[in-house]
Amino acid sequence: MILDKEQLRKNLDEVIWNIEAARISVSEHHIVKLVTVAKYTEVENIATLYELGQRAFGENQVQQLRDRMRELEVLPLEWHMIGRLQKNKINNLIDLSPALMHSLDSIELAEELNKKLSAKGRTMSCLLQINAAQEESKAGVAPDAAQENYLEIQERFENIRLKGVMTIGAHTDDTKIIQESFETTHRIFENLEREGATICSMGMSGDYELAIKCGSNLVRIGSALFKES
Ligand SMILES: *Cc1c(COP(=O)(O)O)cnc(C)c1O
């Protein structure tokens, strides 16, 4: 559905206001980046959000990312890959040069990605995805292995530039369990700051304020920005 500019302005204002309140409750120095997740919305809404000042957008499929980058290539947007990366799409993603790839979810994927980056003489900034609540349905490395995996990727794969970690909050209505999944990820992030990690990507429409209070400095928000009310 194509939303009018006033609706999008209202949604964006509300989200930004909520981000502000949450981040200031942590510290006035705690800066949070907003990445708009456009996967369920029309390309027209992305262009309108650009007019309203939004610059960073995320997609969860390589094909859709490519289509949208093409359609909107006149706009100076920053594109993020946030979804599961299939091995047969790696070369396509490399050719798109996303600003950040959030979903590096295993050593095997890192190895494959590095091989292809190296063959093309390219690098990619990535986040290590952590399956903080250890859910079957989710990708990502186990929290226990995360730090070791991060260091291994940093050491072995020269064409991958690790910038931090990403998690998707636990899939439950129990706020305490969601909070635990964010706290687990943030603890890992803090340990990795010594290794140069700067990005802790966590929080979506339903849980971004909680994520920020747990230390997130990048939220990925879709449906809250594209609702009709
Ligand atoms: C879809 C998606 C989001 C945004 O979800 P909303 O609930 O619509 O805000 C964030 N992160 C990832 C990885 C996603 O796939």
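Here, every reference points to the structure presented above.
Worth saying up front: this structure is predicted, and the values here are computed from it rather than measured.

Time to look at the overall build of the chain. Within the chain one finds eight helices and eight strands. Taking 229 residues into account, the globule formula puts the C-alpha radius of gyration at 17 Å, and the chain, at 17 Å, falls close to it. In terms of overall dimensions, the chain has C-alpha extents of about 50 × 40 × 35 Å along its principal axes. Relative to its 229 residues, the chain shows a buried fraction of 52%. Long-range contacts, defined as pairs at least 24 residues apart, comprise 60% of the intrachain contacts of the chain with a sequence gap of at least 6. Accessible surface computed for the chain: about 11,200 Å², of which carbon and sulfur atoms make up 44%. Placing the 27 positive and 36 negative side-chain charges of the chain at their respective mean positions leaves the two points 4 Å apart.

Our next topic: the site of the ligand. Around the ligand, a shell composed of V37, K39, I82, I168, M204, S205, R220, I221, G222 and S223 is seen. In this structure, G222 approaches the ligand through a main-chain N or O atom, which is 2.8 Å from an oxygen atom. When isolated, the ligand has an accessible area of 390 Å², and the protein chains bury 87% of it. Counted by class, the shell around the ligand contains five nonpolar, three polar and two charged residues.

So, about the state of the cysteines. Summed over all chains, the structure comprises zero disulfides. C126 forms no disulfide, and the closest cysteine sulfur to it belongs to C200, at a distance of 16 Å. The cysteine C214 is free of any disulfide, with C200 supplying the nearest cysteine sulfur at 9.2 Å. Among the residues examined, C214 registers a relative accessible area of 11% and is labelled buried.

Most of strand β1 (residues 33-37) sits out of view: four of its five residues are buried. The sheet contact formed by β1 and strand β8 (residues 218-221) spans four bridges and is parallel. Residue pairing for β8: K33 is matched across the bridge by L218. Pairing analysis gives two bridges linking β1 to strand β2 (residues 56-59), with the strands arranged parallel. Within the sheet, the bridge partner assigned to V37 lies in β2 and is G58. With respect to chirality, the unit in which β1 leads through helix α2 (residues 43-51) into the neighbouring parallel β2 is right-handed.

Moving on: the layout of surface pockets. Space inside the largest pocket adds up to approximately 840 Å³. Together, 32 residues line the largest pocket, and K39, Y40, I168, M204 and R220 are the ones closest to its centre.

Reading guide: rules and limits
- Residues numbered from 1 in each chain as written.
- Predicted model: local features only at pLDDT ≥ 70, side-chain atom pairs only at ≥ 80, totals over all residues.
- Heavy atoms only, no water.
- Helix = DSSP H or I, 4+ residues; strand = E, 2+ residues; numbered from the N terminus.
- Rg over C-alpha atoms; globule rule 2.2 N^0.38 Å.
- Buried < 20%, exposed > 50% of the residue type's maximum accessible area, 1.4 Å probe, protein only.
- Contact = heavy atoms within 4.5 Å.
- Areas by Shrake-Rupley, 256 points an atom, 1.4 Å probe, with all protein chains shown as cover.
- Lys, Arg positive; Asp, Glu negative; His and termini not counted.
- Charge placed at Lys NZ, Arg CZ, Asp CG, Glu CD.
- Near = heavy atom within 4 Å.
- Polar contact = N/O pair within 3.5 Å; in protein donor to acceptor, adjacent residues only side chain to side chain.
- Nonpolar A, V, L, I, M, F, W, Y, C, P; charged D, E, K, R; others polar.
- Disulfide = S-S within 2.5 Å.
- Pairing = 2+ DSSP bridges.
- Right-handed = clockwise from strand over helix to strand, strands pointing away.
- 1 Å grid on protein atoms, 1.4 Å probe; cavity = no way out; pocket = protein on both sides within 12 Å on 5 of 7 lines; lining within 4 Å.
- Points joined across faces, edges and corners; volume = space filled by probe spheres on them.

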